[in-house]
Every structure is written in C-alpha cells, then in structure tokens.
Amino acid sequence: MGFLEEIDKRRTFGIVSHPDAGKTTLTEKLLLFGGAIQVAGAVKSNKIKKSATSDFMDIERQRGISVATSVMGFLYKGKQINILDTPGHKDFQEDTYRTLTAVDSAIVVIDVAKGVEPQTEKLVEVCRMRKTPMIVFINKLDREGKDAFDLLDEVEQKINLTACPLSWPIGMGQRFKGVYNIYEKKLVLFNPHGKQEDTIEFNDLDDPGLENHIGESAAAELREEVNMVNEVYPPFDKEAYLNGELNPVFFGSAINNFGVKELLDCFVEIAPQPLARETEERIVKPDEKKFSGFVFKIHANMDPKHRDRIAFLRICSGEFRRNTNYIHVRNAKKMKFSNPTTFMASKKEIIESAFPGDIVGLYDSGNFKIGDALTEGEKLTFKGIPSFSPEMFRIVHNADPMKSKQLAKGLSQLMDEGVAQMFVKEFGGTKIIGTVGALQFDVIQYRLEHEYGAKCEYESLHLHKACWLTHNDGNQFKEFLQRRKRDIAKDKAGNDVFMAESAWQLKTMQETYPNITFHFTSDF
Ligand code: G4P
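Below or above, wherever it landed, is the structure these notes cover. It should be emphasised that the depicted structure is a prediction, and the values quoted were computed from it without experimental measurement.

A look at the pairing of strand β2 (residues 71–76)
Every regular strand shows the same layout, with side chains that alternate between the two sheet faces.
Here's step 1: Judged by how many residues are buried, β2 sits mostly within the fold: five of six residues are covered.
Here's step 2: As defined by bridge partners, β2 adjoins strand β3 (residues 79–84) across six bridges and the pair is classed as antiparallel. When the bridges of β3 are listed, Tyr-76 appears paired with Lys-79.

Topic: the sheet that holds strand β25 (residues 421–425)
Here's step 1: Strands sit in the order β27-β24-β26-β25-β29-β30-β28-β31 across an open sheet of eight strands; the sheet is antiparallel. Unpaired on one side and paired on the other, β27 (456–461) and β31 (516–519) mark the two borders of the sheet. Ignoring strand direction, the axes of neighbouring strands in this sheet form an average angle of 40°.
Here's step 2: Across two bridges, the pairing between β25 and strand β29 (residues 488–490) is antiparallel. The partner of Lys-425 across the bridge, within β29, is Ala-489.
Here's step 3: Each of β28 (465–471), β30 (496–500) and β31 is contacted by helix α14 (residues 503–512), which is oriented at about 130° to β30, the strand it contacts most.

Overview of the nonpolar core
Here's step 1: Counting 82 residues, the largest nonpolar core has Ile-138, Trp-168, Leu-222, Phe-251, Phe-320 and Phe-368 as its most contacted members.
Here's step 2: If you count residues domain by domain, this core takes at least three from each of domain 1 (15–66 + 105–270) and domain 2 (277–375).
Here's step 3: Setting aside residues no more than four positions away along its own chain, Phe-251 makes contact with Phe-137, Ile-138, Leu-141, Ala-148, Leu-152, Ser-167, Trp-168, Pro-169, Val-179 and Gly-259.
Here's step 4: Judged by nonpolar contacts, the second largest core, of 30 residues, contains Tyr-76, Ile-107, Phe-137 and Phe-267.

Side note on the packing of helix α11 (residues 404–417) against helix α12 (residues 439–452)
Here's step 1: For the pair α11 and α12, interaxial distance at closest approach is 10 Å and the crossing angle is 125°. By the angle between their directions, the pair α11 and α12 is classed as oblique. The crossing of α11 and α12 is right-handed. Along its contact with α11, which presents Gln-406, Leu-407, Gly-410, Leu-411, Gln-413, Leu-414, Met-415 and Glu-417, the element α12 presents Ile-444, Arg-447, Leu-448 and Tyr-452.
Here's step 2: Taken together, the residues of the contact of α11 with α12 sort by class into seven nonpolar, three polar and two charged.

Comments concerning the packing of helix α2 (residues 23–34) against helix α10 (residues 260–270)
Here's step 1: In the contact formed by α2 and α10, the axes pass within 10 Å of each other and the chain directions differ by 70°. Between α2 and α10, the crossing angle belongs to the class labelled roughly perpendicular. For the pair α2 and α10, the crossing hand works out as right-handed. Mapping the contact onto sequence places Leu-26, Lys-29, Leu-30 and Phe-33 in α2 and Val-260, Lys-261, Leu-263 and Leu-264 in α10.
Here's step 2: A breakdown of the residues in the contact of α2 with α10 according to their chemical character gives six nonpolar, no polar and two charged.

Details of the pattern of salt bridges
Here's step 1: Counted by the stated rule, this structure contains 32 salt bridges.
Here's step 2: Notably, a salt bridge pairs Arg-321 with Glu-319, separated by 3.2 Å at the nearest N-O pair.
Here's step 3: Relative accessible area serves as the criterion here: at 43%, Arg-321 is assigned to the partly exposed category.
Here's step 4: By relative accessible area, which is 22% here, Glu-319 ends up partly exposed.
Here's step 5: Between Asp-416 and Lys-369 there is a salt bridge, and its shortest N-O distance comes to 4.0 Å.

Section: the environment of Trp-468
Here's step 1: The residue Trp-468 is located in strand β28 in this model.
Here's step 2: Residue Trp-468 is classed as buried on the basis of its relative accessible area of 1%.
Here's step 3: C-alpha of Trp-468 to C-alpha of Phe-388: the two residues are 80 residues apart in sequence and 9.5 Å apart in space.
Here's step 4: Here Asp-491 takes part through its side chain, which lies 2.9 Å from a polar atom of the side chain of Trp-468.

Observations regarding the side chain of Thr-375
Here's step 1: Here Thr-375 lies in strand β23 (residues 373–375).
Here's step 2: In terms of polar contacts, Thr-375 uses its side chain to reach the backbone amide nitrogen of Gly-377, at 2.9 Å.
Here's step 3: Looking at Thr-375, its side chain comes within polar contact range of the main-chain oxygen of Glu-378, at 2.8 Å.
Here's step 4: When neighbours within four sequence positions are excluded, Thr-375 is seen to be in contact with Phe-291, Ser-292, Tyr-326, Ile-327, Val-329 and Leu-380.

Some details on the environment of Leu-152
Here's step 1: Tracing the sequence through the fold places Leu-152 in helix α6 (residues 148–158).
Here's step 2: Judged by relative accessible area, which is 0%, Leu-152 ranks as buried.
Here's step 3: Taking the C-alpha atoms as reference points, Leu-152 and Pro-165, 13 residues apart in sequence, are found 8.6 Å from one another.
Here's step 4: Sequence-distant contacts of Leu-152, defined by excluding residues within four places in its chain, comprise Ile-138, Ala-163, Pro-165, Trp-168, Tyr-233, Val-249 and Phe-251.

Notes on the sheet that holds strand β6 (residues 163–165)
Here's step 1: Read from one edge to the other, the open sheet built from seven strands follows the order β2-β3-β1-β4-β5-β11-β6, with strand pairing classed as mixed. At either end of the open sheet lies a strand with only one pairing partner, and these are β2 and β6. Taken pair by pair, the neighbouring strands of this sheet meet at an average axis angle of 30°, ignoring direction.
Here's step 2: Sheet analysis places strand β5 (residues 134–139) next to strand β11 (residues 247–251), joined by three bridges and oriented parallel. Considered in β11, the bridge of Phe-137 is made with Phe-250.
Here's step 3: Here helix α5 (residues 118–129) sits on the sheet and contacts β1 (10–17), β4 (105–111) and β5; the angle it forms with β4, its principal contact strand, is near 160°.

Things to note about the packing of aromatic side chains
Pairs of aromatic rings are described using the distance from one ring centre to the other and the angle between the two planes.
Here's step 1: According to the stated counting rule, one finds 22 aromatic pairs in the structure shown.
Here's step 2: For the ring pair Phe-176 and Phe-258, a centre distance of 5.5 Å and an interplane angle of 90° mean the geometry is edge-to-face. Within this pair, whereas Phe-176 is found in the loop between β7 (167–170) and β8 (178–181), its partner Phe-258 is found in the loop between β11 and α10, the two being separated by 82 residues in sequence. Assigned by exposure class, Phe-176 and Phe-258 land together as buried.
Here's step 3: Judged by centre distance (5.5 Å) and plane angle (25°), the rings of Phe-320 and Tyr-326 are stacked. Accessibility classification places Phe-320 together with Tyr-326 in one group, the buried group.
Here's step 4: One aromatic cluster is present, formed by Phe-291, Phe-320, Tyr-326, Phe-337 and Phe-368 through successive ring pairs.
Here's step 5: A cation over an aromatic ring shows up here: Arg-394 above the ring of Phe-441, its NZ or CZ 4.2 Å from the ring centre.
Here's step 6: Its end group placed over the ring of Tyr-458, Arg-394 keeps NZ or CZ at 5.5 Å from the ring centre.

Each value, and the rule that gives it
Residues numbered from 1 in each chain as written. Predicted model: local features only at pLDDT ≥ 70, side-chain atom pairs only at ≥ 80, totals over all residues. Heavy atoms only, no water. Buried < 20%, exposed > 50% of the residue type's maximum accessible area, 1.4 Å probe, protein only. Helix = DSSP H or I, 4+ residues; strand = E, 2+ residues; numbered from the N terminus. Pairing = 2+ DSSP bridges. Axes fitted to C-alpha atoms, helices over the stretch in contact; angles between N-to-C directions. Contact = heavy atoms within 4.5 Å. Core = buried A, V, L, I, M, F, W, Y, C linked by side-chain atoms within 4.5 Å. Domains from an automatic or database assignment. Parallel < 35°, antiparallel > 145°, perpendicular 65-115°, else oblique. Left-handed = near helix turned anticlockwise from the far one by under 90°. Nonpolar A, V, L, I, M, F, W, Y, C, P; charged D, E, K, R; others polar. Salt bridge = Lys/Arg side-chain N within 4 Å of Asp/Glu carboxyl O. Polar contact = N/O pair within 3.5 Å; in protein donor to acceptor, adjacent residues only side chain to side chain. Phe/Tyr/Trp six-rings, centres within 6.5 Å; stacked < 30°, edge-to-face > 60°. Lys NZ or Arg CZ within 6 Å of the ring centre and 35° of its normal.

Bear in mind that shape data such as this cannot, by itself, settle questions of function.
Right under this line is the structure:
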C-alpha cells in the first residue's frame, strides 16, 4: 500500500466522558466490532477502579496494566481505527487533556439520565480549544432518563456544541423501542435480549407501515419528534463537522450493543483522516515525505525491577522507521529506536514502521519531556500541548538536606513526565507543586524516595489558580509584576505565572489591569 493510502485510511480519535457514562463499555463494543478483542470485559478489566482512590500504589499498578490499552487499533471497512485511551479517573485528567492533543477527532459519551456532567464540560472545552471535530453519543437509553430535546438543550447550553441529531430515540427505559437513523433513513429496532438488532430501511416516516413495527402511539410520537428535529436543528454538513462547528448526535445503549454500529458506520464515513499540525515554525502536513512526531504522554513504570519509561509519540508526517536515526529537537541529539512498540488492546508488538495518525511507544531512559519533537533534522516545536492550571497546590520542602541534588533531579524529571507542574516563586524561590488530583502528591513523594533517594515534605497552600499572562501594555505589565511580586512564579519554561489566591483577587486584578490577560492554560 502506498504512503498516501496509508494516511488516508487512518482514523485516530479519543472517547471522552464523565466517569460512568459508559466510555469503557463503548470502547469495548467498538473493539468487538473490529475484531480487536473477542470477549467483552477485556478492556473493562484494565479500567482504573473508582474504589481504589485512597491507595495510589494500587492505582499505579492498575495504570501499569492499563498502559496496554493506551492505543486500541482495528480495521473496519478498510479504515485503520486508532482509539486513544483517555483515563476516566479524575486524578489523571491532565493525562487525558494531553492525549486529546494527539487525536484527530473525539466521541463524547453522555449518560441519558445524568446529562452533561462536570468532567464532560472540561474535556469538551479542551477539544474545542483545538477545534477537534466531536460526535456525541447519548448512552443508556435502556434506562429512564432525560427528555431527548432537553438533553440536546443541555449539550448546546452547557458545552456549547451545535447539536445535529443523526439518530433519534423511540421511547426510553421500559418503553425503549429503538432508534430512527436519520442519517441513513433506517429504523433500528431494539431487542433487549441481546440478539441481533433488526434494521429496516425506512425512507418515509409517513409510510403507514411504521405502526406495524413500533405501534401507533410510538409511531405518532416519532413522526412528530423527527419533524421537530428537522425544523429546529441544522442539517448535517460534513465540512461544518470537520471544522468543529457542528456535532452529530447519536442515541443508543452501549451495554446492549445498540446504536454502536450506527455510530461506527457514520464515524468511518465522516471522521477526519490525520490532520495537519501547527508548529511554532510552520504547519506540518501528514503527507510530507519527512518524518516528524511529538511526545504527548510519558508512562513511568513504578516497579523497581523495571524502571523504564515509555514515551508515546504521535506521528505527524512521513514514515517512522525502526532502527533509523532521528533528531530529538530539544536536545539536538541523534536517537534511534530498536524496539518501537504499539500498545494494542490484546497485544504488544514491535513495529517496523508507522504512519501519520499512528501512536508509537518508545522505551526511554529519561530523554523525553512532554511536547518533545522527533524529526529528520528540521527544528520543529509542536503547538497545542498546553499546561492547564492545576487545581491543588502545595509547597515542597526538602526533608533530607544531604540529598538536595537528588531532590532537584527527581522533581525535574517527574515534571518532565507531566506528573505535576512546578512553579518557582520569584520572591524567595519557594517551590510550589500544582496537580489536578490529590493522588499525585503521594505519587511524587513515593517516587522521589524510591527512584531518586530523596525525601520531601509538603506544606499546604490555598491557591485558586495559576494564570499565564499576556499583555498589550508594557508599562502596565511591569507595574503589575512589581506590585504583585509575591504572587508571581516561573513555570518550567520560564514564563511568568500569577498565582491567584482567590477568585475575588483574580477578578480585582483583571479589573485593575485591563491590558493584561489572565489565561488558565499555557497555550494561547
Ligand atoms: P466509564 O468508562 O465511562 O466510567 O463507564 P463504564 O463503561 O465503566 O460504565 C459505567 C457503568 O454503566 C457500568 O456499570 C456499565 O455496565 C454501565 N453501562 C454502560 N453502558 C450502559 C448502557 O447502555 N445501559 C445501562 N443500563 N448501563 C450501562 P457498573 O455497574 O459500574 O459496572 P459493571 O458491574 O456493569 O461492570
């Protein structure tokens, strides 16, 4: 197969949801369709369990297992589907944000009963920042839930998506009869006993035959609702979807494998192939001959017997080859990889080559940082791999003065891996660690001790947000930096960051310094 055909057939995406909406179940059903797994439960067993929140070692062990499902690939209708696993666990949200920088599109799963939940809001926000095309799957229609129109209102108002229903539910819960596939004009009937679903071509809902399939009242209701859908929502437009301006919506029940095939069939037809990526220097197109890629995730093995790290590389252009010299751009260092690996749901394989849209795992002894680029020599800095403002902060102290070098090295490497972010106060050099989840503090303490022989202690610190700054008034900015000296810290790249104590303080600053913009991510 030629290079261009290889690119053309790849579809790399992530599934995002609030925990428990059904992401793992949907992933499994997709893999079953693609023949990548044979039995349900294969992915589920790798899911990080909610109950383990108190014991981070247990979670780390589970994460070690779940690295096997970092990328799940299969062939479907001639397309190479790559699903990137996004940890649902709240404390690993930062991992999920970064993984979303490596996808070309996303599927958002929403629980019909719960509607749009807080984590969905955040993840969709991250996708929107990059204009990632998103399809919405409303799950658990076999249960009683919210009215479909109310849900779509929520989708539009809470997460600002432009809903375009491509399927429509016929009842729900006990009365759930199936969906009408608006996209393909087919009636898909639900069989609660898990047998093959019945699909009936149905081009004209006014056909009196509809009553025979779903009964009189459901037929009347469906006709009325689909008419309303046609009036209220915009018609499907592939360009608008690809530009991130329109969001197809499907309804179904993942656990019953219902509505999943419709979703997948539409997905392979409309979802984007590997997209061009922005770098500081220029736009990199996938069909360029020369190889380039960036690291979006680093997984460290906490087992002391296997102290290796795996850097996950998204291929952006050209063909990546095993045992070939590439340039690590930040270090200007030559590197070659003898055992680049794919992490598929069921198997781990050394690969000879990979193409744009693919993810390759590279064994690493500490060379990589999140965001690092590999190329054939060109100096490229990939954009869109932001740091997000942490939600929890603590001051870190050295608990063993004899080991300050080890502590500095350990902290620096852990920050490179993206375990947490460190901010160093200009005033007094206080080191502040910021994380998304409380678990990371334990992980850092444990790893510093076991991997670097250093000890740290934390001092609690109440902060509202870390804000990155831009301005259009040099004098005002200078005055702000001078006056708020005690609240300014540097991030890992040396940028000035305002450590806001409270929402109120932040608001006051925004009002006092209108020519300074306070950002909650480092990417602007
Ligand atoms: P997540 O990855 O988004 O966190 O969700 P996951 O797939 O683990 O699903 C969360 C729960 O919702 C699971 O139940 C799962 O079986 C259930 N579920 C998923 N899809 C559907 C659906 O279409 N209908 C209904 N009724 N339930 C669904 P659990 O009790 O937490 O786990 P388990 O004991 O079933 O494994």
